[in-house]
Amino acid sequence: VKISDFGEARMYDVSSVEQNKNAAPGTPAFIAPELCMSDKSPKAPSESYAADVWSLGASLFYMVYGRAPFLAKSVFEIYDSICTQKLRFPDQPKISRKLKDLIKKMLTKEPKSRATLQEVAKHTWFGERVDPGKLAKIRITQADVAGAIAPATWIIPPERLNA
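Residues numbered from 1 in each chain as written. Predicted model: local features only at pLDDT ≥ 70, side-chain atom pairs only at ≥ 80, totals over all residues. Heavy atoms only, no water.

Novice: Sorry, what's going on with the packing of aromatic side chains here?
Specialist: Given two aromatic rings, one states the distance between the centres and the angle between the planes to describe the pair. What the rule picks out here adds up to seven aromatic pairs. Ring geometry for Phe61 versus Tyr65: centroids 4.8 Å apart, planes at 45 degrees, classification tilted. In this pair, Phe61 and Tyr65 are both assigned in helix α2 (residues 49–65), four residues apart and thus about one turn of the helix distant. Classification of Tyr65 by relative accessible area gives buried; the value is 12%. Ring centres of Phe76 and Tyr79 lie 5.8 Å apart, and the angle between their planes is 80 degrees; this geometry places the pair in the edge-to-face category. A residue pair is termed a helical-turn pair when its members lie 3 or 4 positions apart in one helix, as Phe76 and Tyr79 do in helix α3 (residues 75–84) at three residues. Both residues of the pair, Phe76 and Tyr79, belong to the buried class. (Phe/Tyr/Trp six-rings, centres within 6.5 Å; stacked < 30°, edge-to-face > 60°. Helix = DSSP H or I, 4+ residues; strand = E, 2+ residues; numbered from the N terminus. Buried < 20%, exposed > 50% of the residue type's maximum accessible area, 1.4 Å probe, protein only.)

Okay, here's the thing in structure tokens:
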């Protein structure tokens with residue numbers, strides 16, 4: 001699977017990680033904690049591979065559950081929830097322990113402790129067999145399709161305007 005989103009693509013100077021925090025790269029619900037514009041975010045490493053693993057993990061979570069792993073009413077609340085809230089798995093659909101383990105490792109908040117792309121590729125979930133009889137059919141409605149894509153709303157709280 002190849003996933004790309006160039007709607008907010010920008011070139012960054014990787015030697016200056018701090019400037020990246022002010023540029024709001026990417027789609028808010030899929031941004032790694034270290035790239036969030038939040039005073040609660042962990043320190044970003046000099047390379048961004050850990051952030052890519054996070055975004056891939058958030059995408060996998062979305063594919064499995066049909067929603068982002070961390071939700072909130074505004075962009076800045078999403079950033080804070082990504083940085084502070086514990087990862088919770090919905091009750092449905094039921095997933096294997098191996099898939100849950102993979103997602104947890106990909107969505108580890110501290111970038112130095114997060115799974116590497118090599119560890120993700122070697123994870124045991126990829127060799128797991130699925131019984132087709134246990135797969136539930138999902139019905140997608142017109143409302144689901146209509147609500148799948150929406151423009152981002154950037155509401156900047158007054159206390160963050162001068163930050």
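Novice: What am I meant to see in the side chain of His123 here?
Specialist: Summarising the element assignment, His123 is placed in the loop between α5 (117–121) and α6 (142–146). The contact partners of His123, leaving out residues within four places of it in the chain, are Lys98, Asp101, Leu102 and Lys105. (Contact = heavy atoms within 4.5 Å.)

Novice: I keep staring at helix α4 (residues 97–106) and nothing clicks. Help me out?
Specialist: An α-helical turn contains 3.6 residues, so any two residues separated by three or four positions project in the same direction. Among the residues of α4, those classed as buried are Leu99, Leu102, Ile103 and Met106. Taken end-on, α4 shows its buried residues confined to a sector of 95 degrees, consistent with a single buried face. Looking at the buried residues of α4, the elements they touch are α2 and α5. (Arc of directions from axis to C-beta.)

Novice: Would you mind showing me how to read the pattern of salt bridges here?
Specialist: Once the charged atoms of two side chains with opposite charge are near each other, the side chains can pair. For the structure on display, the rule yields four salt bridges. Asp80 is the partner of Lys40 in a salt bridge, and the nearest nitrogen-oxygen pair spans 3.9 Å. Here the residue Lys40 occupies a position in the loop between α1 (17–20) and α2, and Asp80 occupies one in helix α3, the gap between them amounting to 40 residues. Taking the relative accessible area as the measure of exposure, Lys40 reaches 43% and is therefore partly exposed. Lys105 is paired through a salt bridge with Asp101; the nearest N and O atoms lie 3.1 Å apart. (Salt bridge = Lys/Arg side-chain N within 4 Å of Asp/Glu carboxyl O.)

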